[in-house]
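# Notes for the structure review
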Amino acid sequence: MNFYQNKRVFITGHTGFKGSWLSALLSMAGAEVTGFSLPPAGEEALFKLADAGRNIHSVFGDIRDFEALKAAFGEARPEIVLHLAAQPIVREGYRDPVGTYHTNVMGTVHILECARLFGGVRSLLNVTTDKVYQNNRWPWGYRENDRLNGFDPYANSKSCSELVTDSYRKSFFSDGRTAASTARAGNVIGGGDFSPDRIVPDCIRAARAGRTIQIRNPDSVRPYQHVLEPLAAYLRIARRQYEDGRFAGCYNVGPDACDCVSSGELAELFCRAWGDGVSWEHTGDNGPHEDAVLKLDCSKIRCELGWEPRWHADRAVAETVEWTKAWLSGQDMAAFTREQIRRFFAEDETAGGGRK
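The following paragraphs examine the structure supplied in this document. (Residues numbered from 1 in each chain as written. Predicted model: local features only at pLDDT ≥ 70, side-chain atom pairs only at ≥ 80, totals over all residues. Heavy atoms only, no water.)

### Points about the sheet that holds strand 11 (residues 260–262)
Filter applied, for reference: In this scheme, strands are said to pair when DSSP sees at least two bridges between them. Comment: elements are numbered from the N terminus, with helices defined as DSSP H or I runs of at least four residues and strands as E runs of at least two. Convention adopted: a line fitted to C-alpha atoms gives each axis, helices being fitted over their contacting stretch, and angles between N-to-C directions are expressed from 0 to 180 degrees. Pairs of residues are marked as contacts when any of their non-hydrogen atoms sit within 4.5 Å.
Pairing within the open sheet is mixed, and its three strands lie in the order 7-9-11. Of all strands in the sheet, those bounded by a partner on one side alone are strand 7 (187–189) and strand 11. This sheet shows a mean twist of 50° between the axes of neighbouring strands, independent of strand direction. Both strand 9 (residues 221–226) and strand 11 contribute to a ladder of three bridges, which runs antiparallel. Bridge pairing links Arg-222 to Val-261 in strand 11. In this fold helix 9 (residues 263–274) packs onto strand 9 and strand 11, with an angle of close to 90° to the strand it touches most, strand 11.

Listed below in structure tokens is the structure:
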């Protein structure tokens, strides 16, 4: 993390779930961070609870507003850009496909165009999703050279975002001055996620209310990981391509195969970690299509960049529950969040990169 000290970093979507954790992390690393995002929504927003805006410059705006983004970008003059701003919910994509495409496709065009117009960006990372692949219902993980063709509006808009990034990389950044990559991460969990239509936040809401947890698709398999796992990978990609543009490309970021678990298994892990007799049950789902099985092959980032996941699924759930119970008990969540970040990286150093 010493690499990021005094580096000028521009984050889009910095008030969101991942963005808030990333803002806190980079602030701890001593980076000069400018964040561009919509304002945090509600009092139960991680950005506020964790004081993630401490020591960074926040600009509140919409990624679809190109002029506002250009103004913030031009003032920040970043060396490194981490693009996280997105409409990230599958069901919201069905409810508002136009807004989803506008945010996820044109938002990507806008940030890439800023990098092209202003120059000075050495490293740019566009964060997409594991759902960018055409899902063939394979039992094995998808690789970076498999076909992109997300099914639903959210997944498909992220597939388009991948193609846009590849086009800019070949059309405008081929001179090597700006290294641009994409990162395709799996489902993330962690403290402070209050999003709708996500399994762990739904589990937390049910547990707080004393209700039985409702699981729509208990057999659907996803690569679950703690939010700090992909963030550590993003920062490694951004650093390595900053140092050597030959590392620019696309990378899967996900857990080991043993941590690709079903929704039912994840709910069971949550119930054990939460305690208090919490239980779950399967309910019928008349909702829109969601793929039954989705796994990632992360051999590329492991072999080329030396990245390894740190926490297994049970540890990720336990850390999420610990954060949530600390918040419910009125603890200082800014201090708690930063201590969890320190523990995550310190354990990796102590174990020599081994798993916990």
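That shown, we press on.
### Description of the packing of aromatic side chains
Definition in use: We call Phe, Tyr and Trp rings a pair once their centres come within 6.5 Å, taking the six-membered ring for Trp, and we label the pair stacked below 30 degrees between planes, edge-to-face above 60, and tilted otherwise. Summary of the burial criterion: residues with accessible area below 20% of their type's maximum are buried, those above 50% are exposed, and those between are partly exposed, where the area comes from a 1.4 Å probe applied to protein chains only.
Within this structure, the stated rule accounts for 13 aromatic pairs. Consider the rings of Phe-10 and Phe-73, whose centres lie 5.1 Å apart with planes at 55°: the pair is tilted. Remark: Phe-73 occurs in helix 3 (residues 66–76) and Phe-10 occurs in strand 1 (residues 8–12); sequence separation between them is 63 residues. As far as the burial class goes, Phe-10 and Phe-73 line up, both buried. Ring plane angle 85° and centroid distance 5.1 Å describe the contact between Phe-344 and Phe-345, whose orientation is recorded as edge-to-face. This pair shows no difference in class: Phe-344 is buried, exactly as Phe-345 is. Cluster of aromatic residues (ring-pair linked, three or more members): Tyr-133, Trp-138, Trp-140 and Tyr-142.

### Description of the environment of Gly-13
Relative to the assigned elements, Gly-13 resides in the loop between strand 1 and helix 1 (17–29). The spacing of Gly-13 and Ser-23 is 10 residues in sequence and 9.9 Å in space, taken between C-alpha atoms. When sequence neighbours within four positions are dropped, the list of residues in contact with Gly-13 reads Gly-19, Phe-36, Ser-37, Leu-84 and Ala-85.

### Focus: the pairing of strand 1
Applied cut-off: Assignment of crossover handedness uses the view with strands pointing away from the viewer, where a clockwise path from the first strand over the helix to the second indicates a right-handed crossover.
For strand 1, the tally of buried residues reaches four of five residues, placing the bulk of the element in the interior. Here strand 1 runs beside strand 2 (residues 32–37); their pairing, made up of five bridges, is parallel. When the bridges of strand 2 are listed, Arg-8 appears paired with Glu-32. Between the parallel elements strand 1 and strand 2, the chain passes through helix 1 in a crossover that is right-handed. One ladder, built from four bridges, connects strand 1 with strand 4 (residues 80–83); its direction is parallel. Bridge pairing in strand 4 links Ile-11 to Leu-82.

### A look at the packing of helix 7 (residues 199–209) against helix 11 (residues 313–328)
Quick reminder of the rule: In these notes the angle categories are as follows: under 35 degrees is roughly parallel, over 145 is roughly antiparallel, 65 to 115 is roughly perpendicular, and the rest is oblique. In this scheme the handedness of a crossing depends on how the near helix is turned from the far one: anticlockwise by less than a right angle means left-handed, clockwise means right-handed. Think of it as three bins: nonpolar holds Ala, Val, Leu, Ile, Met, Phe, Trp, Tyr, Cys and Pro, charged holds Asp, Glu, Lys and Arg, and polar takes everything else, Gly as well.
The interhelical angle for the contact between helix 7 and helix 11, taken along N-to-C directions, is 45°, at an axis separation of 12 Å. Comparing the axis directions of helix 7 and helix 11 gives the class oblique. For helix 7 against helix 11, the interelement crossing comes out right-handed. Within the contact between the two elements, helix 7 uses Val-200, Ile-204 and Arg-208 and helix 11 uses Thr-320, Thr-324, Trp-327 and Leu-328. Each residue belonging to the contact of helix 7 with helix 11 can be placed in one class, and the counts come to four nonpolar, two polar and one charged.

### Considerations on the state of the cysteines
Selection rule: We call a pair of cysteine sulfur atoms a disulfide when they lie within 2.5 Å.
Applying the stated criterion across every chain, the model contains zero disulfides. Here Cys-258 stays unpaired: no disulfide links it, and the sulfur of Cys-260, its closest cysteine neighbor, is 8.3 Å away. Using a relative accessible area of 53% as the deciding quantity, one classes Cys-258 as exposed. Among the cysteines around Cys-271, which has no disulfide bond, Cys-203 carries the closest sulfur, lying 6.5 Å off.

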